Amino acid sequence: MNNITLFFQSIEFANPYYFLLLLLIIPVAAWQYFFRKRMQAPLTVPTAVAFEKVRKTWKVRLRWLPACLLLLAYVSFIVALSRPQTAFRLSNVEVEGVDIVIAIDISGSMKAMDFRPNRLEACKQVAQEFILGRPTDRIGLVVYAGEAYTQCPVTSDHNTLLGLLQKVRFDIIEDGTAIGDGLGTAINRLRESEAKSKIIILLSDGVNNSGYLDPYSAAEIAKNMGIKVYTIGVGTIGQALFPTPYGNIMMQTEIDERLLETIARESGGKYFRATNNDKLKAIYTEIDKMEKTILNETIFENKADAFFPFLLIGVILLIFYLLLRYTVFRTYP
């Protein structure tokens, strides 16, 4: 049954205008109903009581069969004239994906509550949505504070990546803001990548104050390796609310925007500033639009005529019609 269904789903018609001939069935049916009865010889009787007890034979019950066979034969011939063809298509999709590393600052300043519920959790949520929206890309994850390490190497296994993203938390490495080390580690993850497009999304909410690699040197390395860096400054300008053991207090915040702008410009990327959840989400959406995956689809199509089965069915039905019409159901004037 499934094979028959697939067969009919794959059929196309080279000459579909022949189906207009099916409209001829309407005037023929009208002529049969309204005029042919008048051409038959009438038999006038004073009463039909005597015929009420006569049992109908199988010939009487099946007197419609020859006309039905002729109609089906006609339809089969029309379908054959319309030249049905089976069309089988094979699609070959080549994906030119983008290799991406997301580098997230997990320093203590990311606890600020100017984002809901805090900067780090907001960054994780938006990064998750970004990953889900790019199923054909390989994505990795780097976290950094006073030092940097790879939370997840570049992978196409997004389920594993999302699981490791949710495990990112504070105080798992020494506190501080080593932007150079974070960028350098992300670059190292893409060092052996063969993708045509390689990008890093670097989030920071502070000033570079630790680490071994100079951020400007890391930007130069990214440029030489053809890696585009999009930098995002996370946090409001001035002060933000921070949780402490003694309650929430307002504290001064500072972002080295000049550094982040330079990193982005030198590598061919772009700098963004996010001051709340909605702006952060809009930034990821903009990056998503700028770094699209390329899909090349090649379609192979093979067509074959399939009119013969319908022609054969029409011939068989016509033969049965002639046999029944002029033997079993033969009528005399």
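Described below are features of the structure shown in this document.

About the thresholds
Residues numbered from 1 in each chain as written. Predicted model: local features only at pLDDT ≥ 70, side-chain atom pairs only at ≥ 80, totals over all residues. Heavy atoms only, no water. Helix = DSSP H or I, 4+ residues; strand = E, 2+ residues; numbered from the N terminus. Buried < 20%, exposed > 50% of the residue type's maximum accessible area, 1.4 Å probe, protein only. Contact = heavy atoms within 4.5 Å. Areas by Shrake-Rupley, 256 points an atom, 1.4 Å probe, with all protein chains shown as cover. 1 Å grid on protein atoms, 1.4 Å probe; cavity = no way out; pocket = protein on both sides within 12 Å on 5 of 7 lines; lining within 4 Å. Points joined across faces, edges and corners; volume = space filled by probe spheres on them. Nonpolar A, V, L, I, M, F, W, Y, C, P; charged D, E, K, R; others polar. Phe/Tyr/Trp six-rings, centres within 6.5 Å; stacked < 30°, edge-to-face > 60°. Lys NZ or Arg CZ within 6 Å of the ring centre and 35° of its normal. Salt bridge = Lys/Arg side-chain N within 4 Å of Asp/Glu carboxyl O. Polar contact = N/O pair within 3.5 Å; in protein donor to acceptor, adjacent residues only side chain to side chain.

### Looking at the overall build of the chain
- Along its length, the chain carries 12 helices and 11 strands.
- Among the 333 residues that make up the chain, the fraction classed as buried is 37%.
- Considering only contacts in the chain between residues 6 or more positions apart, those separated by 24 or more positions represent 82%.
- Accessible area for the chain stands at about 20300 Å²; split by element, carbon and sulfur atoms hold 59% of it.

### A look at the layout of surface pockets
- Of the pockets and cavities examined, the second largest pocket occupies roughly 200 Å³.
- Around the second largest pocket, the lining comprises 16 residues; the ones closest to its centre are Ser109, Thr177, Asp205, Gly206 and Glu254.
- Of all the elements, strand S9 (residues 247-253) adds the most residues to the lining of the second largest pocket, at three residues.
- A breakdown of the residues in the lining of the second largest pocket according to their chemical character gives three nonpolar, nine polar and four charged.

### Topic: the packing of aromatic side chains
- Applying the stated criterion across every chain yields a total of four aromatic pairs.
- Their ring planes at 35° and their centres at 5.2 Å tell us that Tyr17 and Tyr18 sit as a pair that is tilted.
- Arg325 extends its terminal NZ or CZ atom over the ring of Tyr326, reaching a point 5.4 Å from the ring centre.

### What to know about empty space enclosed by the protein
- With the rule as written, the count across this model stands at one cavity of 30 Å³ or more.
- If you add up the space inside the largest cavity, you get close to 50 Å³.
- Residue lining of the largest cavity: Ile106, Ser107, Gly108, Ala145, Phe170, Asp171, Ile172, Ile173, Glu174 and Asp175, and that is the complete set.
- A breakdown of the residues in the lining of the largest cavity according to their chemical character gives five nonpolar, two polar and three charged.

### Side note on the pattern of salt bridges
- All told, the structure shown has 13 salt bridges when counted by the stated rule.
- A salt bridge links Asp171 to Lys111; the shortest N-O distance between them is 4.0 Å. On the criterion of sequence distance, the pair formed by Asp171 in the loop between helix H7 (158-166) and helix H8 (179-189) and Lys111 in the loop between strand S3 (98-105) and helix H6 (119-132) is long-range, its members being 60 residues apart.
- Since its relative accessible area comes to 64%, Asp171 is described here as exposed.
- Using a relative accessible area of 28% as the deciding quantity, one classes Lys111 as partly exposed.
- For Lys281, the salt bridge is made with Glu129, and the minimal N-O distance between the two is 3.7 Å. Within this pair, whereas Lys281 is found in helix H11 (residues 277-290), its partner Glu129 is found in helix H6, the two being separated by 152 residues in sequence.
- A relative accessible area of 34% places Glu129 in the partly exposed class.

### Remarks on the side chain of Ser204
- Mapped onto the secondary structure, Ser204 falls in strand S6 (residues 197-204).
- A distance of 3.4 Å separates the side chain of Ser204 from the backbone nitrogen of Gly206, its partner in a polar contact.
- Setting aside residues up to four positions removed in sequence, Ser204 forms contacts with Asp105, Tyr144, Thr177, Ile179, Ile232, Gly233, Val234, Ile255 and Leu260.

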